[in-house]
Each structure stands twice: as C-alpha cells, then as structure tokens.
Amino acid sequence: MQDPIVVTGLGAVTPLAAGVEPSWRRLLAGESGITRNTRFDATGWKCQIAGLVPSRLDRTDGFDPEAAMSAQELRRTDLFIHYAMAAASEALDQAGWHPGDGTQGRRTATVIGTGVGGVPAITAAAETINGEGVRRLSPFVVPSFLPNLATGQISIRNGFFGPSGAPVTACAASAQAIGDAMRLIRSGEADIALCGGTEACVDPVAIGGFTAARALAFGFNDDPRRASRPFDAAHEGFVLSEGAAMLVIERLSHAEARGACPLAVVAGYGTTTDAHHVTAGWADGREAARAMEMALAMAGIAPAEVSYVNAHATSTPVGDAAELAALTRVFGLGGGGVPVSSTKSATGHMLGAAGAIEAVFSVLALRDQILPAGLNIETPMEGAGDFDLLAGGPRRTTVRHVLSNAFGFGGVNAALVFRRMD
C-alpha cells in the first residue's frame, strides 16, 4: 500500500489576519479583508480598494514584520519575502520541523510560488534612478525582488539543502508549488517539503496595469466588502490582494516516525495548459476540467466522492463562467450537487499565493468538518442557479474530500485534492 503524503503544518498571512487560526475564524464569521487602498494615494483612480494584510498596529491579530525578520533583513527584502517568512515560520512550528544543518536538512525541499515577485521594489528602484540617479541604488535591490528569493531566504534561515523551486505561473503558482513538492517526495528526492506561495504587489504598477486590462472591480469603492463576488450576477472583476500561505507536507511514515500530527492527506494533483489565450481560458473549461480529472484520478476517487470545491473563481465574468463550465464537465449539470464556494470573496485575489491559501482553507474544512460560505452571492450569475453555491454562512457537514482549483494567466490550470485523515 502506498505511503500517503500528509500535511503536518500550516502557515498564513492574509487580508483577514496574520496567522492560520485567526484567518480561519474571520472567514467562517463572514468577515472580509477588503478595504480602501491605503498603500498609496489612490485618489482619482478607477480602482481604490484592495485586500491589504492588517498591521499589528491596527489590531492584535495583524502582521508584525519584526516578528518575522530583523530590521536589517526587512530593509534588504521586499514585502512578499516578509510575508513568506512569517507564514513559513508558523507552518514549520506547527509541524515541529527544525532540522538544522544535518541530513534532515538535506532531505527538505522548499518550493514557494509567486505571481510577480517584488514589484514594489522594482517600482521604487525605478523611482530612485529617475529622481536621484543610478548610483543611489542599493546593492540589495535585485535580491529583494527576484521571485525565487522567498524560497532562497527561507532555505538559508532554516538550513534546507534539498531541492528548491519557485513556480512563477501567475495565479496557479502556489498550487503548482504544492504539486511540485508532492512530486519531489514521491520521487524520493525529498522526505519533507515546505511549499506554498506569497504575493505583495498592491502597487501603482500592478493596480494600474490590471485596471488597464479591465480585470479589477471598481464599482464598490465606497463599499469594499461587497466588491469581491464570485458567481454573483453583479461581479465585475477581481480585487487585488496580498499575503502568503505555506504547508509542510511529508510521507505519513515520516510524520509518524517523528511524532508529528497529520492534518490531511494530499491525495491528488493535476495540471494542464489551455494553449488558447493569454488571459482567458477556454469558455467551455475543457483544460481546467482535465486538470481536475487528473487530480481526482490520482486520488483514486470519482467526482461524486468530492465533498466540497473551493473554486478558483476570482469574480471576473469570463473566468467565473469558464469555471462553471469546467465543473459541469467534471461533475455534471449543476456541478452534480457538490457544494461550491470561492474564499476569494473574503480575501480578494492573492494572485500567486491564492492556490496556497485556498489549500490551507481546504485542509481546515477537512479538519473541522465545516465548509466556508461565499460572500456577496445575492443573485447567482447566469448558469450558476443550479449549483449548490454556499451562501449565507458556513455549513457543518461530513467532509471527506476537497477539490481546490487554481488557474492563471498564460492558460495554466492546477487542481489539488485533499482527503480527511482516517
């Protein structure tokens, strides 16, 4: 019998809170992490909202950067690395994995995805060059923004000498990071892996660029909580958000040998490419559906055995419709009755970190036997009326298998299946 790969640690920094448990509590309470954008002066901008990680100065469960890194490290790295370091520390502490420099460190993989890396650092560097000249640039500029430096900094701090990676596959990046880590363990290249994603690009370039692409919500600037509304008829675009989420995964036998507590099984993974359009998937969801089917096949289950789908749905009309079409291909009309929600309704779209935070929420749904509701589903969009869209509050039920989707620009599709521990 195959030795299953299990989750033994979780970490998160989200627009809801810093930390897994407070983020989960706020999600189940129906709270939203979407607010007016105070990261820069957005007065006069078409989009004036974002999903910002709350500060420890604002509330007790907010983010404290100095708890994650030293003052010197903070100055030399961009925000996406700060979030990654904090989420990684939480996940490793829960897993009880601090191997140091020995053999165990050489058998530890680190795979952390991001959509764009340190865009704010790049923007600031360009401003420095234009305003003060190129000689004023710090020698740490490039290491501060490289996408793989979240992986690099975490490996350095923790003595992880095993394989490392940094998928940069847009909004599928961290789901692919989990899948890549799973493959490294299955192939025998690592015994244990820290995997997930991080993003921190609430920045004029990113907001401006996505606005130019007509991808962002802007009709709820005066009521930010209502802006992210996957599967609702009034959806108009996603809300750009930030944060990080990490998982520690390992073989069950490895976890048991060291006395770790498994939280869930990483049972299946599938990934495909649309090869169709830069920003839009196939309208009929064909390749997204195939990724889901691959994940279900690896997990050895039929679609009817899925208890919940944490959808990728970002709140864009085209994307939400394509995912509904993909779910119909996999599960049948109306999604076969499987409960569906998108936790992006509460967090906004964390881009490269989205797949990882939704994986964290999927594991917690299995642990606690409760399904998080989608916010702002007032009138289901066309084609969604027959789906079991979770709305109005969380649902307590038997949760055996969870399917979590992540799709990205460039046509990247990724799907993960998590199973309850027996």
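Our subject in this report is the structure included herewith. Every chain is numbered independently, its residues counted from 1 as its sequence is written. Residue-level local features of this predicted model are given only where pLDDT is at least 70; pairs of side-chain atoms are given and counted only at 80 or more, and the full residue set underlies all totals for whole chains, interfaces and linings. With hydrogens and water set aside, each side-chain value is computed from the structure's full complement of heavy atoms.

## Notes on the packing of aromatic side chains
Applied cut-off: In summary, the pairing rule links any two rings of Phe, Tyr or Trp, Trp by its six-membered ring, whose centres are within 6.5 Å, and it sorts them by plane angle into stacked for under 30 degrees, edge-to-face for over 60 and tilted for everything else. Runs of H or I in DSSP of at least four residues are treated as helices and runs of E of at least two as strands, each being numbered from the N terminus. A simple rule labels every residue: compare its accessible area, found with a 1.4 Å probe on the protein chains alone, to the largest value its type can have, and call it buried under 20%, exposed over 50%, or partly exposed in between.
On inspection of all chains with the given rule, the structure shows five aromatic pairs. Ring centres 5.1 Å apart and planes at 75° place the aromatic pair Phe63 and Tyr83 in the edge-to-face group. Of the two residues, Phe63 is situated in the loop between β3 (49-51) and α2 (65-68) and Tyr83 in helix α4 (residues 79-95); the sequence distance between them amounts to 20 residues. Tyr83 shares its class with Phe63; the two are buried.

## Describing the environment of Ala346
Quick note on the threshold: Any two residues having at least one pair of non-hydrogen atoms within 4.5 Å are treated as being in contact.
Structurally, the position occupied by Ala346 is in helix α14 (residues 344-347). Classification of Ala346 by relative accessible area gives buried; the value is 0%. Considered as a pair, Ala346 and Gly33 are 313 residues apart in the sequence and their alpha carbons are 5.9 Å apart. Filtering out sequence-adjacent residues up to four positions away, Ala346 remains in contact with Leu16, Leu27, Glu31, Ser32, Gly33, Ile34 and Leu375.

## Describing the sheet that holds strand β10 (residues 339-341)
This is how it is decided: DSSP-based pairing: two strands are paired if at least 2 bridges between them are found. Every angle, taken between N-to-C directions, lies between 0 and 180 degrees, and every axis is a line fitted to C-alpha atoms, over only the stretch in contact when it is a helix.
The sheet built from 11 strands is open, its strands ordered β5-β4-β6-β7-β1-β8-β15-β14-β9-β10-β12 with mixed pairing. With one partner strand each, in any of the chains shown, β5 (164-165) and β12 (388-389) form the two edges of the open sheet. The pairing of strand β9 (residues 308-310) with β10 spans two bridges and is classified as parallel. The partner of Val309 across the bridge, within β10, is Val340. Across the sheet, α4 lies against β1 (5-13), β6 (192-199) and β7 (243-251), angled at about 135° from β1, the strand it touches most. This element, helix α8 (residues 149-158), spans β4 (108-113), β5 and β6 of the sheet and lies at about 150° to β4.

## Description of the nonpolar core
Inclusion rule: Only buried Ala, Val, Leu, Ile, Met, Phe, Trp, Tyr and Cys residues count toward a nonpolar core, and they belong to the same one when joined by side-chain atoms within 4.5 Å.
Grouped together as the largest cluster of nonpolar side chains are 52 residues, with contacts concentrated most on Val7, Leu10, Leu247, Ile249, Val360 and Phe418. Tallying contributions element by element places helix α15 (residues 354-368) first for this core, with nine residues. Judged by nonpolar contacts, the second largest core, of 35 residues, contains Ala289, Ala291, Ala295 and Val330.

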